[in-house]
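This is what each chain is made of:
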Amino acid sequence: LAQSLFALFASSLAISLVFAIIPLCHNVVVLAVVMAVAGLAMGCIDTISNMQLVKIYQKDSAIFLQALHFFVGFGALLSPLIADPFLSDTNCILSNSTANSSSNLPHIRKSLVLHHPGNLSHYDLPMKGMVVTRVSYAFWIMALINLPVPIAVFFLLYKERMVPGFRRRLSADELAMETRPTEKDDLSTTVQRPRAAGGHDDLFSCCQSKNFRGASYTYFAVHITGALVLFMTDGIVGEYSGFVYSYAVEEPLSPSLFWGFITLGRLISIPVSYRMKPATMVFINVVGILITFLLLLIFSHSVVFLFVGTASLGLFLSSTFPSMLAYTEDILQYKGCATTVLVTGAGIGEMVLQLLVGSIIHDQGSYSFLVCGMIFGGLAFTFYAFLLFFHRMYPKPSSDVDVASPDKPAVTDDTGQYQR
């Protein structure tokens, strides 16, 4: 836990620093390096926060994962609204001819026709002239908004007495609680020593090869199929939010509508996940995604249904990620290793499918945007069906002891790993 909190502190602080530095980067190579640091920091936060929620709350983790990803969607919805007032419709660099006139740069995207996207060669964009942009303020505001996060993590480290050199003096009540003997002292020492010896408290324990010795093929199949489902669904989130604006052509349809319904869906999923199993929620999501894309293809000329379909897709995609994490970790008994695999698969899908769809739209036209979504939705449903099959084949725990109960003693399995 201490390693995870230190990593969260460093990563969240790095994001504030990166956002403050980005407007000062006047070289594209420097900007690329700074953005890479931001990507690494965000990847650490994404992986560690999901993994620790799963390991701490176990069977109750679905509710907390839904809450976590609600704030992810809320941030994605809020940040463009913060940046929008600082973005100008005029050209960022005014040439001598345009600086003396009041005309704005023509809206390039509106000039693109559906069958001929990406051909921008006939637009002459000035490279030298007066810079008219206030976008730097948006980055600095985001850096300040993010700054309370590392401060809060550091406070938690200090409160839990995990900061070297900043040991907090205990109050009389806390000191009495520390020194009071409990009935579980003997049990806790017998549990913690073997776990420490086995490296289970290490942040990178999932990477140790001894954890895979003697594992059945279904153990790896559950990881792979779960990651492939999120590869497709998170890839759909990335490609839809990235290209629906280009596909719609008209100004009113904004990605904010899509992210708004993702945020709303995650808010609704918090109480729903308390009543419904994660496997059922994932099934409803992947089927809903497939049906929505099918209807978008059928009613592709309807502007009204494009709005309805975008909202529907946002709702179905909203809880797929946290529900899949909760479902997969439930199969694998909450060891936390699956979370790392699933988060990585989701991140790769979000990156790769955007590039793939962008190149296909460039060559085949914007209608292929919906065709690609339909294919990805079908693949997500197929991989989920395989996951259900491997879940049925996965060996059940040898004991009927509730793995989530903190009151049960630890037992060892065949590999010598300790479980509750």
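Note: the structure precedes this text.
Since the model is a prediction, treat every value here as computed from it, not as a measurement. Each chain has its residues counted from 1, running along the sequence as written. Since the coordinates come from a predicted model, pLDDT governs what is reported: local features require at least 70, and pairs of side-chain atoms require 80 or more to be given and counted, while whole-chain, interface and lining totals use all residues. With hydrogens and water stripped out, all remaining heavy atoms of the structure feed into the side-chain values.

S.K.: What is the right way to read the overall build of the protein chain from this model?
M.R.: Strands are runs of DSSP state E lasting at least two residues, helices are runs of H or I lasting at least four, and both sets are numbered from the N terminus onward. Scanning the protein chain from terminus to terminus reveals 16 helices and four strands. Burial classification: accessible surface area is computed with a 1.4 Å probe over protein chains only, and a residue below 20% of its type maximum counts as buried, one above 50% as exposed, and the rest as partly exposed. Here the protein chain holds 420 residues, and 37% of them are scored as buried.

S.K.: Hey, could you run me through the packing of helix 12 (residues 278–298) against helix 16 (residues 368–393) in this one?
M.R.: The packing of two helices is summarised by the inter-axis angle and the distance between the axes. For the pair helix 12 and helix 16, the least separation of the axes is 9 Å and the interaxial angle reads 155°. Regarding the angle of helix 12 to helix 16, the classification is roughly antiparallel. Helix 12 and helix 16 meet at a crossing whose hand is left-handed. Between helix 12, through A279, V282, F283, V286, V287, I289, L290, F293, L294, L296 and L297, and helix 16, the contact on the second element is made entirely by L370, V371, G373, M374, G377, G378, F381 and Y384. Three categories are distinguished: nonpolar for Ala, Val, Leu, Ile, Met, Phe, Trp, Tyr, Cys and Pro, charged for Asp, Glu, Lys and Arg, and polar for the others, with Gly belonging to the last. By residue class, the composition of the contact of helix 12 with helix 16 is 16 nonpolar, three polar and no charged. Note on geometry: axes are C-alpha line fits, over the in-contact stretch for helices, and angles between N-to-C directions span 0 to 180 degrees. An angle below 35 degrees is read as roughly parallel, one above 145 as roughly antiparallel, one from 65 to 115 as roughly perpendicular, and any other as oblique. Take the far helix as the reference: if the near one is turned anticlockwise from it by less than a right angle, the crossing is left-handed, and if turned clockwise, right-handed. Throughout, a residue-residue contact means that at least one pair of heavy atoms, one from each residue, lies within 4.5 Å.

S.K.: Looking at this structure, how should I read the packing of aromatic side chains?
M.R.: Paired rings are identified among Phe, Tyr and Trp, the last through its six-membered ring, by centres lying within 6.5 Å, and are further divided according to the angle between planes into stacked (under 30 degrees), edge-to-face (over 60) and tilted (the rest). Overall, the coordinates contain 16 aromatic pairs when judged by the stated rule. Ring geometry for F70 and F74: centres 6.1 Å apart, planes at 25°, overall stacked. Linking F70 with F74, this pair stays in helix 3 (residues 61–83), spanning four residues, or about one helical turn. Classification of F70 by relative accessible area gives buried; the value is 14%.

S.K.: Sorry, what's going on with a nonpolar patch on the surface here?
M.R.: A contiguous nonpolar patch, built from L13, L17, I21, L144, L147 and I151 and spanning about 530 Å² of accessible area, is present on the exposed surface. The greatest single-element share of the nonpolar patch, amounting to three residues, is contributed by helix 1 (residues 2–21). Positionally, L147 belongs in the loop between helix 6 (135–146) and helix 7 (148–159). With a relative accessible area of 33%, L147 lands in the partly exposed category. Patch definition: residues above 30% relative accessible area lacking any salt bridge, with like charges linked at up to 9 Å and the nonpolar side chains Val, Leu, Ile, Met, Phe, Trp and Tyr linked at up to 5 Å. Accessible areas in this description were obtained via Shrake-Rupley with a 1.4 Å probe; residue shielding takes into account the shown protein chains only. Basic side-chain nitrogens of Lys or Arg form a salt bridge, by our definition, when they fall within 4 Å of a carboxyl oxygen of Asp or Glu.

S.K.: I would appreciate a short explanation of the pattern of salt bridges in the present structure.
M.R.: Opposite charge on two side chains permits them to pair, given that their charged atoms come into close proximity. On inspection of all chains with the given rule, the structure shows one salt bridge. With a shortest N-O distance of 3.2 Å, K59 and D330 are connected by a salt bridge. Of this pair, K59 sits in the loop between helix 2 (28–57) and helix 3 while D330 sits in helix 14 (residues 320–331), and the two are 271 residues apart along the sequence. The class of D330 is partly exposed, set by a relative accessible area of 34%.

S.K.: Mind showing me how you'd approach the nonpolar core here?
M.R.: Among soluble globular proteins, nonpolar side chains are generally buried collectively. By nonpolar core is meant a set of buried Ala, Val, Leu, Ile, Met, Phe, Trp, Tyr and Cys residues that side-chain atoms within 4.5 Å join together. Core analysis: the largest hydrophobic core is formed by 58 residues, its most contacted members being Y240, F293, L313, M324, F369 and Y384. Shared between two domains, this core takes at least three residues from each, and those domains are domain 1 (1–89 + 133–166) and domain 2 (215–395). Core analysis: the next-biggest nonpolar cluster, separate from the first, contains six residues, L8, I48, V153 and V163 among them. Boundaries of every domain are those given by an automatic assignment or by a domain database.

S.K.: I tried to follow helix 14 on my own but got confused; where do I start?
M.R.: An α-helical turn contains 3.6 residues, so a residue and the one three or four places further along point in the same direction. An ideal rise of 1.5 Å per residue puts 16 Å on twelve residues; helix 14 measures up with 16 Å between its terminal C-alpha atoms. Counting buried positions over the twelve residues of helix 14 gives eleven, a clear majority of the element. Among the residues making up helix 14, those that are buried are T320, F321, P322, S323, M324, L325, A326, Y327, T328, E329 and I331. Positive phi appears at Q333, one or two residues downstream of helix 14, with a value of about 65°. Here the expected length of a helix is defined as 1.5 Å per residue gap, with one fewer gap than residues.

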